[in-house]
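A structural walkthrough
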Amino acid sequence: MRMRGYGRTLVTTIATLAMAGAPMWPASAADFFAGKTITISTYGAPGDSYDVYMRLLARHYGKHIPGNPRFTAINQTGAGGLVAMNHAAMVAPQDGTFLTVASQGLLIFEATGQQGLKTSIGNFNWLGSFTQSNNVTVTWHTSRAKTIQDAMAHEVVVGASGAAGGSVIGPAIYNAVLGTKFKVVYGYQGGAHIDLAMKRGEVEGRGNNTWAGYKATMPNEIRDGMLNVLIQTGLHKDRDLPHVPLFLDLVRGDPAREPIAAFMSKAVAIARPVAAPPRVPAERVEILRRAFDATMTDPIFRAEAGRLNAEIDPLTGEQVQDIVTQVLATPRPVMSQIRSMLGLPQN
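Below, the structure is looked at part by part. (Residues numbered from 1 in each chain as written. Predicted model: local features only at pLDDT ≥ 70, side-chain atom pairs only at ≥ 80, totals over all residues. Heavy atoms only, no water.)

Quick notes on the sheet that holds strand β5 (residues 135–140)
The test is simple: When DSSP locates at least two bridges between a pair of strands, those strands are taken to pair. Strands here mean DSSP runs of E at least two residues long; helices mean DSSP runs of H or I at least four residues long; both are numbered from the N terminus. Where helices are involved, their axes are fitted lines through C-alpha atoms of the stretch in contact, as for all axes, and angles between N-to-C directions lie from 0 to 180°. The contact criterion used throughout is that any non-hydrogen atoms of two residues lie within 4.5 Å.
Pairing is mixed across the open sheet formed by five strands, whose spatial order is β7-β6-β8-β5-β9. Every other strand in the sheet has two partners, leaving β7 (182–185) and β9 (227–233) as the edge strands with one partner each. Direction aside, the axes of adjacent strands within the sheet are offset by 35° on average. The pairing of β5 with strand β8 (residues 205–210) spans four bridges and is classified as antiparallel. Bridging from a neighbouring strand, T139 pairs with G205 of β8. Here helix α8 (residues 191–200) sits on the sheet in contact with β5, β6 (156–159), β8 and β9, set at roughly 140° to β8.

This is the structure:
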């Protein structure tokens, strides 16, 4: 499955819909959002990349939804995204007036059988993803770990939020599969706090983030060579990182290790996904999905995204839903191996 083709497919789909005319929604569904305020949340702390994308979407999404609802954005930090996701599932309105930009790490968290989610990720109504950007592990320029080989040779201390976050799972998998020596320090409120700790020297680096996230929040540091990018995980190398090793390439052809890298690579492809709660009516989900698609191709939205260094390489809601379904259906022998690597009990 070549994820990079998804963005081009989305543009073609939207263009086709535009030529065919606006979608014809049931009157009751189209009228529902008039006069409403939609709350959109994320687990990311103010200032980190999840927050940047959430607030960018909040400023543009409403004009593409029938009735032009207003948007308000909130941060629900904690437990690597579990707090925000469980609120969306169990507490938030289930009528389309609450959305969340979800932690991509939660898909791996559930697939590996870890506990804490109140309902399956697969039960959410996925509306799309801003980008398909690869995950990267970085260190600050003052760290002696400049490459993934350095991380194999000696301990590298990296920061993370909670157990459900990719900043924990990524380094744990690398330790087990590649023999790296990442030591994870838990408890940071979000990505922005981990990045600050890295700059202060409290930790050497950050366990995991999307490359697009760094481009949005640390463009000057990238320009000035302040980040060492040790490894990238995705199905293909990012065009910005041609010399950074791809996790899949490091184990390709190894029957024991390649399935683990393939699982991780597919799971992180959803990058920065947006979801509606599980019980939102189907016709409203359809409206929100097509409005998300339209927002991603809106020239004004894309111009602001460019000014914010927020990469836009989108997936549709259907494509995100398909990836979620595939990852959650990973064969049991592969999942058993991954659970063992993460030090988790077998089911």
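A word on the pattern of salt bridges
Formally: Here a salt bridge means any side-chain nitrogen of Lys or Arg lying within 4 Å of a carboxyl oxygen belonging to Asp or Glu. Working definition: with a 1.4 Å probe on protein chains only, accessible area under 20% of the residue-type maximum means buried, over 50% means exposed, and in between means partly exposed.
Per the stated rule, a full pass over the model turns up 15 salt bridges. Of the charged contacts in the structure, one is a salt bridge between E304 and R59, with a shortest N-O distance of 2.7 Å. Residue E304 is found in helix α14 (residues 299–307), and its partner R59 is found in helix α3 (residues 49–60); the two are separated by 245 residues along the sequence. For E304, a relative accessible area of 14% gives the class buried. Judged by relative accessible area, which is 48%, R59 ranks as partly exposed. Ionic pairing is found between E221 and K199, a salt bridge with its closest N-O pair at 2.8 Å. Pair noted here: E221 is in helix α10 (residues 219–223) and K199 is in helix α8, with a separation of 22 residues, a long-range link.

Here's the deal with unusual backbone geometry
Positive phi, close to 50°, is recorded for N68, a residue that is not glycine. One can find N68 in the loop between α3 and β2 (70–75). Owing to a relative accessible area of 51%, N68 belongs among the exposed residues under this scheme.

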